[in-house]
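For reference, the chains in residue letters:
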Amino acid sequence: MAYQNSRLRLAPIFAALIVGTAGGYAVTASAQDAVSSFQTGGSPGQGTEYSASVKLATTDIAEAYAALRRNLERNGWKISHAEPASYALLAQNGQVTASGKTGSLGASLAPVAGGLNLALMYSNPPGVNSPAAAVRAEFNKIGVALQGELSGKPAPTAVASRPAPAVASSAPDRKLCLAGACLGMTPAEVATLNLQPAGMMQFRLGGKNDSGYGLDRAGKRISFSDMGDFDSKSMKQFAVTVDTICRFNFASAKMKASDGQPIHLVFRPVIRSGKGVVVLTSIDRKLPPNTSETELKRFADAAKEQFGDAFSAQSHAIVTRPTAEMHYDVGSGRSLKLSLPIENVHARLMEQAGCSDKPSLD
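Residues numbered from 1 in each chain as written. Predicted model: local features only at pLDDT ≥ 70, side-chain atom pairs only at ≥ 80, totals over all residues. Heavy atoms only, no water.

1. Quick look at the overall build of the protein chain
Argument step 1. Looking only at helices and strands, the protein chain features seven helices and 17 strands.
Argument step 2. When the 362 residues of the protein chain are sorted by exposure, 52% land in the buried category.
Argument step 3. Within the protein chain, residue pairs in contact and separated by at least 24 positions form 64% of the contacts whose partners lie at least 6 positions apart.
Argument step 4. Carbon and sulfur atoms form 52% of the exposed surface of the protein chain, whose accessible area is close to 16,200 Å². (Helix = DSSP H or I, 4+ residues; strand = E, 2+ residues; numbered from the N terminus. Buried < 20%, exposed > 50% of the residue type's maximum accessible area, 1.4 Å probe, protein only. Contact = heavy atoms within 4.5 Å. Areas by Shrake-Rupley, 256 points an atom, 1.4 Å probe, with all protein chains shown as cover.)

2. Details of unusual backbone geometry
Argument step 1. Despite not being glycine, alanine 179 has its phi angle at roughly 50°, a positive value.
Argument step 2. Inspection of the secondary structure puts alanine 179 in the loop between strand E7 (177-178) and strand E8 (181-182).
Argument step 3. Take alanine 179: its relative accessible area is 49%, and that puts it in the partly exposed class.

3. Section: the sheet that holds strand E9 (residues 212-216)
Argument step 1. Sheet architecture is open: three strands sit in the order E10-E9-E11, paired in antiparallel fashion. The two strands at the open ends of the sheet, each matched to only one other strand, are strand E10 (221-224) and strand E11 (242-247). Neighbouring strand axes in the sheet, compared pairwise and without regard to direction, differ in orientation by 35° on average.
Argument step 2. Judged from the four bridges that link them, E9 and E11 form a sheet pairing that is antiparallel. Opposite aspartate 216, over in E11, you have valine 242 as the bridge partner.
Argument step 3. Seen against the sheet, helix H5 (residues 232-241) touches E9, E10 and E11 and runs at an angle of roughly 95° to E11. (Pairing = 2+ DSSP bridges. Axes fitted to C-alpha atoms, helices over the stretch in contact; angles between N-to-C directions.)

4. Structural notes on the state of the cysteines
Argument step 1. Scanning all chains against the criterion turns up two disulfides.
Argument step 2. Covalent S-S linkage joins cysteine 177 and cysteine 182, the inter-sulfur distance amounting to 2.1 Å. In this structure, the disulfide formed by cysteine 177 and cysteine 182 twists by about 105° around the S-S bond and is classed as right-handed. Neither residue differs from the other here; cysteine 177 and cysteine 182 are each classed as buried.
Argument step 3. One disulfide in the model links cysteine 246 with cysteine 355; its S-S distance is 2.0 Å. Negative torsions about the S-S bond denote left-handed disulfides, and the value of about -70° found for cysteine 246 with cysteine 355 makes this one left-handed. Here cysteine 355 lies in the segment after helix H7 (346-350) and cysteine 246 lies in strand E11, a separation of 109 residues in the sequence.
Argument step 4. Among the cysteines of the protein chain that take part in disulfides, numbered as they appear in the sequence, the pairing is 1-2, 3-4. (Disulfide = S-S within 2.5 Å.)

5. Quick look at the pairing of strand E17 (residues 333-339)
Argument step 1. The buried fraction of E17 is high, at five of seven residues.
Argument step 2. In this structure, strand E14 (residues 275-286) lies alongside E17, joined through five bridges in antiparallel fashion. What sits directly across from aspartate 284, in E17, is lysine 337.
Argument step 3. The pairing of strand E16 (residues 323-329) with E17 spans seven bridges and is antiparallel. Within the sheet, the bridge partner assigned to threonine 323 lies in E17 and is serine 339.

6. Regarding the pairing of strand E13 (residues 262-272)
Argument step 1. Along E13, 10 of the 11 residues are buried, which leaves the element largely enclosed by surrounding structure.
Argument step 2. Both strand E12 (residues 251-256) and E13 contribute to a ladder of six bridges, which runs antiparallel. Directly across from serine 252, in E13, lies its bridge partner valine 266.
Argument step 3. Here E12 folds back onto E13, and the loop between the two strands holds five residues, one of which, glycine 260, carries a positive phi near 90°.
Argument step 4. Pairing between E13 and E14: 10 bridges, direction antiparallel.

7. Details of the packing of aromatic side chains
Argument step 1. The full count for this structure, using the stated rule, is 10 aromatic pairs.
Argument step 2. Plain terms: the ring middles of phenylalanine 224 and phenylalanine 238 are 5.4 Å apart, the flat faces sit at 75° to each other, and that makes the pair edge-to-face. With phenylalanine 224 in strand E10 and phenylalanine 238 in helix H5, this residue pair connects regions lying 14 residues apart in the sequence.
Argument step 3. Its relative accessible area of 0% is what places phenylalanine 224 among the buried residues.
Argument step 4. Since its relative accessible area comes to 3%, phenylalanine 238 is described here as buried. (Phe/Tyr/Trp six-rings, centres within 6.5 Å; stacked < 30°, edge-to-face > 60°.)

Dropping the structure here:
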């Protein structure tokens, strides 16, 4: 997971991971292995990246997200950016290398068959090296702690009985828009907007170690990041190259509002007309940190006038319909967030022709 200019400081448990390019690290194997799909990419000279998945045996994504935040904060992390509607976050603290360089850690949750998937991504800036075994061991600590806390937690009845959100099969709701960005937009549409340059965790297309993949217009499998930052160039390249989504977690991009405040965009997979595609599912418009209560009320009144029944003055942990909510986070301040519901389409994505390998008796 990544956000524009997200140069995060590492929490204490990651302090030992950051070493010079000639450094080393001794790792003791864990008695419990929660990590799967561990992959590395990049190089010390250009920046290294590590990603992994952890399977959680619960379908209560709101509780899992809360537990993820509790566990990180309990171990010294400061949550610097949280996306409750997207079940994603970034965390930081004051640990840096002697040269002042930092790494970044992102985490997100998404529904999968039989539970939830916790996606972790750790990235180093150029010139900093973290031994893969050390990163994997720390990913495992996070995963084991969550698995232990969430063990045996069932899905809430209200969530289990909720009808599937319309976003999976309907056209975009063009009424929920900000600065030209509308919920439900495709990458081809978003590529025409003025996106900010991506940082060191730029979304990649065609990487050898990437766990996300789909099909091009000829039906050939093509790999890409399953999370990262889009800019206009990479968004356009993705739009003209990828025709069908098979495996995709989420990606993000940034714009600027008229007052210079950031607008954060989040993209997730949905099913439209029987095909897996990526659409814009969240638009988070930050407000100036010195906004007075009078100006805040005026802004909220204008949002209510524009978005009507979709507007809420309070945020909700689970979004069940297209919404525009006033949101407050201790780490990132106030914002107006437009969101579409998140539906578990991962199993349906893999059922598409060409997305999964055919089994053989021999």
